[in-house]
Amino acid sequence: MFESLSDRLTGALKDLRGKGRLSPADIDATCREIRLALLEADVALPVVRGFISRIKERAKGAEVSAALNPAQQVVKIVNEELVAILGGETRRLTLAKTPPTVIMLAGLQGAGKTTLAGKLAKWLRDQGHQPLLVACDLQRPGAVTQLQVVGERAGVPVFAPHPGTSIGGGENALGVTAADPIAVAESGVAEARARQYDVVIVDTAGRLGIDSELMAQAAGIRDAVKPDETLFVLDAMIGQDAVSTAEAFRDGVGFTGVVLTKLDGDARGGAALSVRNVTGEPIMFASTGEKLEDFDVFHPDRMAGRILGMGDVLTLIEQAEQVYDAQQAEDAARKIGSGELTLEDFLDQMLAIRKLGPIGNLLGMLPGAGQMKDALAQVDDKQLDRVQAIIRGMTPAERDNPKIINASRRLRIANGSGVQVSDVNQLVDRFFEARKMMTAMGRQMGMPGGNRRTK
Ligand code: GDP
């Protein structure tokens, strides 16, 4: 996701590196590059204009800083502005004070609503909620069955009309039949209340294009179930059309948050960068594949870091936290920031990361991965086994302070772990390099000796 944008932006910023002073001409040239990169990524023109003018203004007025060189300062400004454009703070789901919380999904056909309904249901269930899915897409053939399949996979029940019967045995207050999505939505919420489900997710129908009937139906469902959250589901691959579609849904139905889908397939990603700015509503979730797990809360700061190719140290740390001790992860974040990382930490991190899956999947999140993709692609799990063996062959004192690993210690470690001395040399050298780089990255990302997780 965002690969070409990321490459272009990192390229634009790389040209500044090594310059002791930045002239106004340097800043203009960089801004021009950034502008082109954004336009090429399909970011809406007014959004690009605002973004560039803020960067220019801030870069030219940037104060002399002892901690950062001018180029780093521009990177910092671009990062901060990217975070702002993506919405600033992470926006969490609002739960109703009195359950059930009603979440309505709206969007064009094919945007990924039904898929998302399953992902959201599973995500809520994993957090201890008791969600109920309600099938109100009675337009698209097979949509109800699709939701039932998705619900089964997510382990979440689905409330759906039986074809040809009336809702609630025909005794529904409105006296409407199953073909009426508004009645299904109402009955679904009533069902949730009666059976103590605490979250209701209402899947609605979409059309291939925006039309007034679609909007009227969605607005009717909205009025009937009074959702606590209305999520506008937006296919990130539709490019420039994203803005007009979002505006049409904002005016026709209204929404409280956006879910971006198909970010996995989106090489350009302009929708993500425009939609918040244009509609004023936050991006709340991101969908990155067809499987139920390909889904996460949208964190503007992490996404900006990823776009700028700084990698996503924070996501890695948070994921690692899930597989081991929280305290250990806190320590690692602090140590990354302050440059105190030891080989012991390195091994702990590596073991934790390996629990998360094959290393190839994690590459995109590593710092600097944008520029090191090719080199990293050669890292395989076998090599990691060897690294692990070498570190295990070290004494605790050596792991704690790798500087003491002299020639005779290297020989002993190599013999003990069945590798060549050159392998040990390489590992130790790489560790020092990585530590230096991570410390610099940590500083750039604003975690000097601390951490800024947004949990
Ligand atoms: P709906 O019409 O809005 O309910 O859309 P669906 O949920 O049926 O999704 C339309 C198609 O997009 C299906 O083939 C999904 O498998 C696919 N899809 C949904 N979300 C994603 C995603 O995040 N990434 C990818 N690659 N495909 C997705």
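Thresholds applied
- Residues numbered from 1 in each chain as written.
- Predicted model: local features only at pLDDT ≥ 70, side-chain atom pairs only at ≥ 80, totals over all residues.
- UniProt positions renumbered as here; feature names shortened; annotations may be inferred.
- Helix = DSSP H or I, 4+ residues; strand = E, 2+ residues; numbered from the N terminus.
- Buried ≥ 20, exposed ≤ 12 C-beta atoms within 10 Å, placed from the backbone.
- Contact = placed C-beta atoms within 7 Å.
- Pairing = 2+ DSSP bridges.
- Axes fitted to C-alpha atoms, helices over the stretch in contact; angles between N-to-C directions.
- Core = buried A, V, L, I, M, F, W, Y, C linked by C-beta atoms within 7 Å.
- Domains from an automatic or database assignment.
- Right-handed = clockwise from strand over helix to strand, strands pointing away.
- Near = placed C-beta within 6 Å.
- Nonpolar A, V, L, I, M, F, W, Y, C, P; charged D, E, K, R; others polar.
- pLDDT = per-residue confidence, 0-100.
- Parallel < 35°, antiparallel > 145°, perpendicular 65-115°, else oblique.
- Left-handed = near helix turned anticlockwise from the far one by under 90°.

The protein chain appears in an unreviewed UniProt entry as Signal recognition particle protein from Nocardia flavorosea. In its Catalytic activity (unreviewed entry) section, the UniProt entry covering the protein chain states "GTP + H2O = GDP + phosphate + H(+)". If you open the UniProt record of the protein chain and go to Subunit (unreviewed entry), you find "Part of the signal recognition particle protein translocation system, which is composed of SRP and FtsY."

Caption draft 1: The arrangement of the overall build of the protein chain in detail. Helix and strand counts for the protein chain stand at 20 helices and eight strands. When burial is assessed residue by residue, the protein chain has 43% of its 455 residues classed as buried. Pairs at least 24 residues apart make up 73% of the contacts formed inside the protein chain by residues separated by at least 6 positions.

Caption draft 2: Quick look at the sheet that holds strand β1 (residues 101-106). The strand order β3-β2-β4-β1-β5-β6-β7-β8 describes an open sheet built from eight strands, whose pairing is mixed. Single-partner strands in this sheet number two, and they are β3 (158-159) and β8 (295-297). Where strand β6 (residues 257-261) lies against strand β7 (residues 283-287), three bridges are found, and the strand directions are parallel. Considered in β7, the bridge of Leu260 is made with Ala286. Against the sheet, helix α7 (residues 181-194) engages β1, β2 (131-136), β3 and β4 (199-204), with an angle of about 165° to β2.

Caption draft 3: Summary view of the nonpolar core. Among the nonpolar cores identified, the biggest contains 97 residues, and Leu133, Val134, Val200, Ile201, Val202 and Leu234 are the most heavily contacted of them. Counting the residues that make up this core, at least three belong to each of domain 1 (3-85) and domain 2 (101-307). Not counting residues up to four positions away in its chain, the partners in contact with Leu234 are Gly107, Ala111, Ala242, Thr245, Ala246, Val258, Val259, Leu260, Thr261, Ala271 and Val275. Formed by 13 residues, the second largest nonpolar core is a distinct cluster that contains Leu343, Phe346, Ile391 and Met394.

Caption draft 4: Focus on the pairing of β6. By the criterion of burial, β6 is predominantly enclosed, with five of the five residues buried. Residues Gly257, Val259 and Thr261 of β6 are buried on one face, and the alternating residues Val258 and Leu260, pointing to the opposite face, are buried as well. The β-α-β motif built from strand β5 (residues 229-235), the intervening helix α9 (residues 241-252) and the parallel element β6 has right-handed crossover chirality.

Caption draft 5: Region of the structure containing the site of the ligand. Lining the immediate environment of the ligand, one finds 18 residues, of which Gly112, Lys113, Thr114, Thr115 and Ser287 sit closest. Element by element, the count of residues in the shell around the ligand is highest for helix α5 (residues 113-126), at three residues. Its residues assigned to classes, the shell around the ligand shows one nonpolar, 12 polar and five charged.

Caption draft 6: Representation of the confidence of the model for the protein chain in the model. When pLDDT is averaged across the protein chain, the result is 81; 77% of the residues are at 70 or more. Ignoring residues within four places in sequence, the model shows residues 164-178, a span with pLDDT below 50, making 21 contacts including any to other chains. The low-confidence segment residues 311-318, where pLDDT is below 50, has 25 contacts with residues more than four positions distant or belonging to other chains. Both scores are given for the predicted complex: the pTM is 0.69, the ipTM 0.98.

Caption draft 7: Region of interest: the UniProt feature "domain: SRP54-type proteins GTP-binding" (unreviewed entry) in the protein chain. As recorded in UniProt, the sites labelled "domain: SRP54-type proteins GTP-binding" (unreviewed entry) are residues 282-295. This span, residues 282-295, is 0% helix and 43% strand, and a straight line between its end C-alpha atoms measures 16 Å.

Caption draft 8: Broad picture of the pairing of β7. Across the five residues of β7, five count as buried, placing the element largely inside the fold. Sheet topology note: the β7/β8 ladder contains three bridges and is antiparallel. Looking at the pairing, Phe285 lines up with Val297 of β8.

Caption draft 9: Structural view of the packing of α5 against helix α6 (residues 143-154). It is at 9 Å that the axes of α5 and α6 come closest, and there the two elements cross at 25°. Here α5 lies roughly parallel to α6, going by the angle between them. Here the hand of the crossing between α5 and α6 comes out right-handed. Contacts between α5 and α6 pair Thr114, Thr115, Ala117, Gly118, Ala121, Lys122 and Arg125 from the former with Ala143, Gln146, Leu147, Val150, Gly151, Arg153 and Ala154 from the latter. Of the residues in the contact of α5 with α6, the class split is six nonpolar, five polar and three charged.

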